[in-house]
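Inside the fold
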Amino acid sequence: MTQIPLIIDTDPGIDDAVALSFALFHPDVDLRLITTVAGNVSVSKTTANALKLVQYFDQDVPVARGCSEPLIKAFEDCADIHGESGMDGFDFGEIKKDALPIHAVEALRETILASEKKVTLMPIAALTNIALLFKMYPEVKENIAEIILMGGSLARGNTTTAAEFNIFTDPEAADIVFKAGIPLRMIGLDVTSTAVLMKEQIDQIKTLNRAGEMFGKLFSHYRGGSMKTGLKMHDVCAFAALVEPEIFTFQKTHVAIETGDGPANGMTVADLKMKYHQNTNASVALTVDVTRFREWFLETLARVK
Ligand code: RIB
Ligand code: CA
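Residues numbered from 1 in each chain as written. Chains lettered and ligands numbered in written order. Predicted model: local features only at pLDDT ≥ 70, side-chain atom pairs only at ≥ 80, totals over all residues. Heavy atoms only, no water.

So, on to the overall build of the protein chain. Counting its regular elements, the protein chain contains 12 helices and 13 strands. Compactness check: the protein chain gives a C-alpha radius of gyration of 18 Å against a globular reference of 19 Å for 305 residues, within 12% of the reference. For the protein chain, the C-alpha atoms occupy an extent of roughly 50 × 45 × 40 Å along the three principal directions. When burial is assessed residue by residue, the protein chain has 57% of its 305 residues classed as buried. The contacts in the protein chain between residues at least 6 apart in sequence include a share of 82% that link residues at least 24 apart. By element, 51% of the accessible surface of the protein chain is carried by carbon and sulfur atoms, the whole surface being about 12,400 Å². One way to put it: in the protein chain the 29 positive side-chain charges average out to a point 3 Å from where the 40 negative ones average out. (Helix = DSSP H or I, 4+ residues; strand = E, 2+ residues; numbered from the N terminus. Rg over C-alpha atoms; globule rule 2.2 N^0.38 Å. Buried < 20%, exposed > 50% of the residue type's maximum accessible area, 1.4 Å probe, protein only. Contact = heavy atoms within 4.5 Å. Areas by Shrake-Rupley, 256 points an atom, 1.4 Å probe, with all protein chains shown as cover. Lys, Arg positive; Asp, Glu negative; His and termini not counted. Charge placed at Lys NZ, Arg CZ, Asp CG, Glu CD.)

This is the structure we're talking about:
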């Protein structure tokens, strides 16, 4: 199989860290660029965390720092879930690597236009960088195969009753991305919240290898779930959807983003019965086979060196 050229836009973030680590070592993908954005924690911290990971695994994947706040809304982090650093629980030592000297949007443009094959974009954070990219350089759309994003929900949110964090953080950016006309797969909270690791899997992970040992320490500080109800691997699901799509079911539909004020702000409104729209703009995940997800997780972790 030829490798899929991949760019991940991220806000590490403990679940992001797992997704990034998997992507660094998976044989089916060629991770060309990591771009960071304000989300779980500040963009300074998310950039530092991305650099920690590529340094820890001694991988030569460039990291470019992106937007420090949403397009319109005030920035609110969720350090309560990931810890003050965004990746509390493990000492990665001094960061000796530097981010690229250009903004993430410029790095995205250069990397996408230079690719000999269409690139897959995997945003697992607020969509601020991606929205700006499309507004500043719409010509990049020609060389993007697909957007696979973790975000939104077909059910309740996690930040408000209606909205999931990545979309709630920057609804205007999400509106731009969902209207960009690029094939888009949305892996929402309703699905990712079922893809949980229980104590049985976490005990296996901790002793599997060096990466698992590090994840085990991060997981002890991760508040995305609990040892009782399971730890939610939100962003790992977006990566799984790329390399192991058969463990999910999807439905093509129309998704609108609520950008108005009030309690529905940031909601992903999926017209699953296509009652109000003629055209679809997204393929949304409906289910994940949790048993197969856990098997895949351990198999994929075993490759992370
Ligand atoms: O709502 C879950 C999403 O918000 C995940 O991407 C998590 O890392 C946070 O960014
Ligand atoms: Ca994330």
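Still more to cover.
This paragraph deals with the layout of surface pockets. One number sums up the size of the largest pocket: a volume of about 370 Å³. As for the largest pocket, its lining consists of 24 residues, and the residues nearest its centre are Cys78, Ile81, Asn158, Phe165 and His234. Mapped onto the lining of the largest pocket, the elements with two or more residues apiece are α1 (14–25), α3 (79–82), α6 (165–169) and α11 (234–243). In terms of residues, the lining of the largest pocket owes the most to one element, α3, which gives three residues. The residue makeup of the lining of the largest pocket, split by class, is seven nonpolar, nine polar and eight charged. (1 Å grid on protein atoms, 1.4 Å probe; cavity = no way out; pocket = protein on both sides within 12 Å on 5 of 7 lines; lining within 4 Å. Points joined across faces, edges and corners; volume = space filled by probe spheres on them. Nonpolar A, V, L, I, M, F, W, Y, C, P; charged D, E, K, R; others polar.)

Before going further, it helps to spend a moment on the coordination of the calcium ion (ligand 2). On the protein side, the calcium ion (ligand 2) has Asp11 (OD), Asp16 (OD), Asp16 (OD), Ile124 (O) and Asp235 (OD) as donor atoms, found 2.3 to 2.6 Å from it. In primary-sequence terms, the residues that donate to the calcium ion (ligand 2) follow D-x4-D-x107-I-x110-D. Of the two residues, aspartate 11 sits in the loop between β1 (4–10) and α1 while isoleucine 124 sits in the loop between β4 (119–123) and α5 (128–136), which places them 113 residues apart along the sequence. Comparing aspartate 11 with isoleucine 124 shows no difference in burial state: the two are buried. (Donors = N, O, S within 2.8 Å, 3.2 Å for Na, K, Ca; no water.)

Before going further, it helps to spend a moment on the pattern of salt bridges. Taken as a whole and judged by the stated rule, the model has eight salt bridges. Residues aspartate 203 and lysine 199 are paired through a salt bridge, measuring 2.5 Å at the closest nitrogen-oxygen approach. Taken together, the residues aspartate 203 and lysine 199, both in helix α9 (residues 199–208) and four residues apart, mark about one turn of the helix. When its relative accessible area of 48% is taken as the criterion, lysine 199 is described as partly exposed. Linked by salt bridges that have partners in common, Asp30, Arg32 and Glu116 make up one network. (Salt bridge = Lys/Arg side-chain N within 4 Å of Asp/Glu carboxyl O.)

In this section: the UniProt feature "domain: Inosine/uridine-preferring nucleoside hydrolase" (unreviewed entry) in the protein chain. In the UniProt entry, the feature "domain: Inosine/uridine-preferring nucleoside hydrolase" (unreviewed entry) is given for residues 6–295. Across residues 6–295, helical content stands at 36% and strand content at 20%; the span's end C-alpha atoms are separated by 23 Å. (UniProt positions renumbered as here; feature names shortened; annotations may be inferred.)

Pairing is mixed across the open sheet formed by eight strands, whose spatial order is β3-β2-β1-β4-β5-β6-β13-β10. The strands lining the two open edges of the sheet, one partner per strand, are β3 (63–65) and β10 (248–253). Neighbouring strand axes in the sheet, compared pairwise and without regard to direction, differ in orientation by 25° on average. Its contacts with the sheet place helix α7 (residues 171–178) against β5 (144–150), β6 (184–187) and β13 (282–288), and it is angled at close to 140° to β6. (Pairing = 2+ DSSP bridges. Axes fitted to C-alpha atoms, helices over the stretch in contact; angles between N-to-C directions.)

For the rest of this paragraph, the subject is the packing of α1 against helix α10 (residues 210–219). If you want to describe how two helices pack, look at the angle between their axes and the distance between the axes. At a closest axis distance of 10 Å, the pairing of α1 and α10 adopts a crossing angle of 165°. The orientation of α1 with respect to α10, classified from their angle, is roughly antiparallel. Along this stretch, α1 crosses α10, giving a crossing that reads as left-handed. Facing α1, whose interface residues are Ile14, Ala17, Val18, Ser21 and Phe22, α10 presents Phe215, Leu218 and Phe219. Residue composition of the contact of α1 with α10, grouped by class: seven nonpolar, one polar and no charged. (Parallel < 35°, antiparallel > 145°, perpendicular 65-115°, else oblique. Left-handed = near helix turned anticlockwise from the far one by under 90°.)

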